[in-house]
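Listed here are the chains, written in short residue letters.
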Amino acid sequence: MNTGAFAASLAGAQRAAFAADLDVVVIGAGAAGIAAARELKAAGRQVLVVEARDRLGGRAFTDASLGPAYDAGAMFIHWAERNPWVKIAADLGIDTPSEPWGGGFRVFADGRPMPDADRTKRRAVFGQIDRRLETVDIGKRDLSVAELLGDLGPEMAPVAASGLLLSIGEESDRISARDYQRLWAGDDLVVPSGYGNLVARHGEGLDIRLGEPVSAIRWDGPGVEITTPSGTLRARACIVTVPVGVLKAGSIRFTPELPSATRDALDGIGMGALTKIALRVEGDRFGLGPGMSYLEAGSPKAMMNLDLFPDDKDLVIATCGGDHARELSLAGADEARAHVTDLLAKMVGESVRKAVTGVSFPAWWTDPFSRGSYSVCLPGSEAARDRLAEPIGGRIWFAGEATAGGGAMTVGGATLAGRAAAAAVARLKV
Ligand SMILES: Cc1cc2nc3c(=O)[nH]c(=O)nc-3n(C[C@H](O)[C@H](O)[C@H](O)COP(=O)(O)OP(=O)(O)OC[C@H]3O[C@@H](n4cnc5c(N)ncnc54)[C@H](O)[C@@H]3O)c2cc1C
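Residues numbered from 1 in each chain as written. Predicted model: local features only at pLDDT ≥ 70, side-chain atom pairs only at ≥ 80, totals over all residues. Heavy atoms only, no water.

Q: Is there a simple way to think about the overall build of the protein chain in this case?
A: A count of helices and strands for the protein chain gives 17 helices and 21 strands. Its C-alpha atoms give the protein chain a radius of gyration of 22 Å, near enough to 22 Å, the size a compact globule of 430 residues would have. Projected onto its principal axes, the C-alpha coordinates of the protein chain cover approximately 75 × 50 × 40 Å. Here the protein chain has roughly 17800 Å² of accessible surface; of this, 51% comes from carbon and sulfur atoms. For the protein chain, the separation between the mean place of its 47 positive charges and that of its 53 negative charges on side chains is 4 Å. (Helix = DSSP H or I, 4+ residues; strand = E, 2+ residues; numbered from the N terminus. Rg over C-alpha atoms; globule rule 2.2 N^0.38 Å. Areas by Shrake-Rupley, 256 points an atom, 1.4 Å probe, with all protein chains shown as cover. Lys, Arg positive; Asp, Glu negative; His and termini not counted. Charge placed at Lys NZ, Arg CZ, Asp CG, Glu CD.)

Below, the structure written as structure tokens:
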């Protein structure tokens, strides 16, 4: 079937005759889904959210499984100057201070302090991505960030790009320079009581069904029919906020299949693999004050940041990204624990092994309901986010961090994208 023609032919009269159970079904109760549902509820629409997990918040998740809680997904309220979460938190009476840096920072190579000469070489290539974005013409043709850095040579280009593993979560040859340039910047705030907790709290009062993974969406009738384990939901329209990784994995079957423009957009967006591995470390603090960061940078590809006892908690939180994070995700929690413990033992001493009493590893890359950390436009596909946001047949809207333009990859962007989709759906006749 020519889905484009089908979409265009959707007749208003046909829609008016459709006996839907609901005005709108929102799929996914992360930041985007919650924002969309709140907006629709405020507009007087009958809206139901269906969520695959047994909790709200999606990739904003405050994990308390080790005792002391930490944000296993989103932690920073980025570009706070225009981020809606500053106001949402303030309205709820939740504190959002600036990140309390200052615990100290040291750089290591294979667990040993990095020699000064190597640190100096590293410092010389810091900031090279931004510098090139000011001088290299990406107006005519999009480049990968790796191409942008190519003239630094095979030794230093990976070093210059390695910071991206901890910010974008992806290898530099899979990142569009234009998309990267488009991302918003600004101040970062944190939520000491948990960003994930905050997002979940924002969902209170909504009609949300947990433990309901959607497996199919039918949109060849006048509305949408959504298949969940507990039955089929009929609605005028749906807002799909599941991560791009889930869509690309084919976890939701669309009938008819999605228009080619949407499929092309999905082909142009990948998922990064930013990952945190949290260890519970009890007893000895190895002479370290709270809030220190140790950066393992011996191999650019296996770069890993360790936050040691953040906020004085009995935790060490290791963060890595790209293919290294994918390998650890596939290897599983025991391997990840062993990897971080071995590294720590080299950094602070063998006795740390006895102090490690637990691991928590929500591996986003292998998680069936995220399939990666956040969306990354592939080189040459910088228009994909906007294409994905285009409504389909007047009844399916994709929304989430991937459709958030300059706010992509963030909770704030997901929220704005969810609100925008909801505003468009609220304009539909019911
Ligand atoms: C390690 C890590 C660190 C991060 N750090 C930050 C940060 O500091 N600041 C920041 O702003 N952002 C950060 N992010 C990104 C941020 O978490 C996401 O951009 C944001 O939470 C995405 O929101 P969303 O609503 O688009 O998607 P999600 O939060 O993923 O919500 C989608 C929901 O859909 C559900 N779902 C999936 N499949 C189905 C299905 N078949 N049926 C029904 N429901 C389904 C999922 O379970 C999920 O709840 C980080 C992410 C990770 C992984």
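Next comes the rest of the account.
Q: Honestly, the site of the ligand in this entry has me stumped. Any pointers?
A: Taken together, 39 residues lie around the ligand, and E51, R59, F76, V214 and V411 are the ones closest in. Between the ligand and A52 there is a distance of 3.1 Å, counted from a nitrogen atom to a backbone nitrogen or oxygen. Taking T410, its main chain carries an N or O atom lying 3.4 Å from an oxygen atom of the ligand. Taken by itself the ligand offers 1000 Å² of open surface, and the protein chains cover 98% of this. Taken together, the elements giving at least two residues each to the shell around the ligand come down to α3 (31-42) and α17 (411-426). In terms of residue class, the shell around the ligand is built from 24 nonpolar, 10 polar and five charged. (Near = heavy atom within 4 Å. Polar contact = N/O pair within 3.5 Å; in protein donor to acceptor, adjacent residues only side chain to side chain. Nonpolar A, V, L, I, M, F, W, Y, C, P; charged D, E, K, R; others polar.)

Q: Explain the domain arrangement of the protein chain here, please?
A: How big an interface is tends to be stated in terms of accessible area lost as the parts join. Per the domain assignment, the segments making up the protein chain are domain 1 (3-58 + 194-271 + 372-426) and domain 2 (99-186 + 275-363). Domain 1 and domain 2 are separated by 32 Å when their C-alpha centres are compared. On the domain 2 side, the residues contacting the 17 residues of domain 1 number 16 residues. Where domain 1 abuts domain 2, roughly 1300 Å² becomes buried across the two surfaces, and 54% of that area is made up of carbon and sulfur atoms. It is P379, E382 and G406 that lose the most area in domain 1 upon contact with domain 2, and together they represent 37% of the buried surface on that side. (Domains from an automatic or database assignment. Contact = heavy atoms within 4.5 Å. Buried area = accessible area lost by both parts, 1.4 Å probe.)

Q: For this particular structure, what's the right way to read the nonpolar core?
A: If you look at soluble globular proteins, the nonpolar side chains tend to sit buried side by side. With 38 residues, the main nonpolar core has V26, L40, W85, Y195, V199, I239 and V411 as its most contacted residues. For this core, the secondary-structure elements that each account for two or more residues are β1 (22-27), α3, β2 (47-50), α4 (84-91), α10 (195-202), β12 (231-240) and α17. At seven residues, α17 tops the list of elements feeding residues into this core. Beyond its immediate stretch of four places on either side in the chain, V26 contacts G33, A36, A37, L40, V47, L48, V49, V50, I239 and T241. (Core = buried A, V, L, I, M, F, W, Y, C linked by side-chain atoms within 4.5 Å. Buried < 20%, exposed > 50% of the residue type's maximum accessible area, 1.4 Å probe, protein only.)

Q: Can you walk me through the packing of α3 against α17 in this structure?
A: For any two helices packed against each other, the geometry comes down to the angle between their axes and how far apart the axes lie. Close contact between α3 and α17 brings their axes to 7 Å; oriented N to C, the two are set at 35°. Both α3 and α17 take part in a crossing whose hand is right-handed. The residues of α17 that touch α3, namely those facing A31, A32, A35, A36, E39 and L40, are V411, A414, T415, G418, R419, A422, A423, V425 and A426. (Axes fitted to C-alpha atoms, helices over the stretch in contact; angles between N-to-C directions. Left-handed = near helix turned anticlockwise from the far one by under 90°.)

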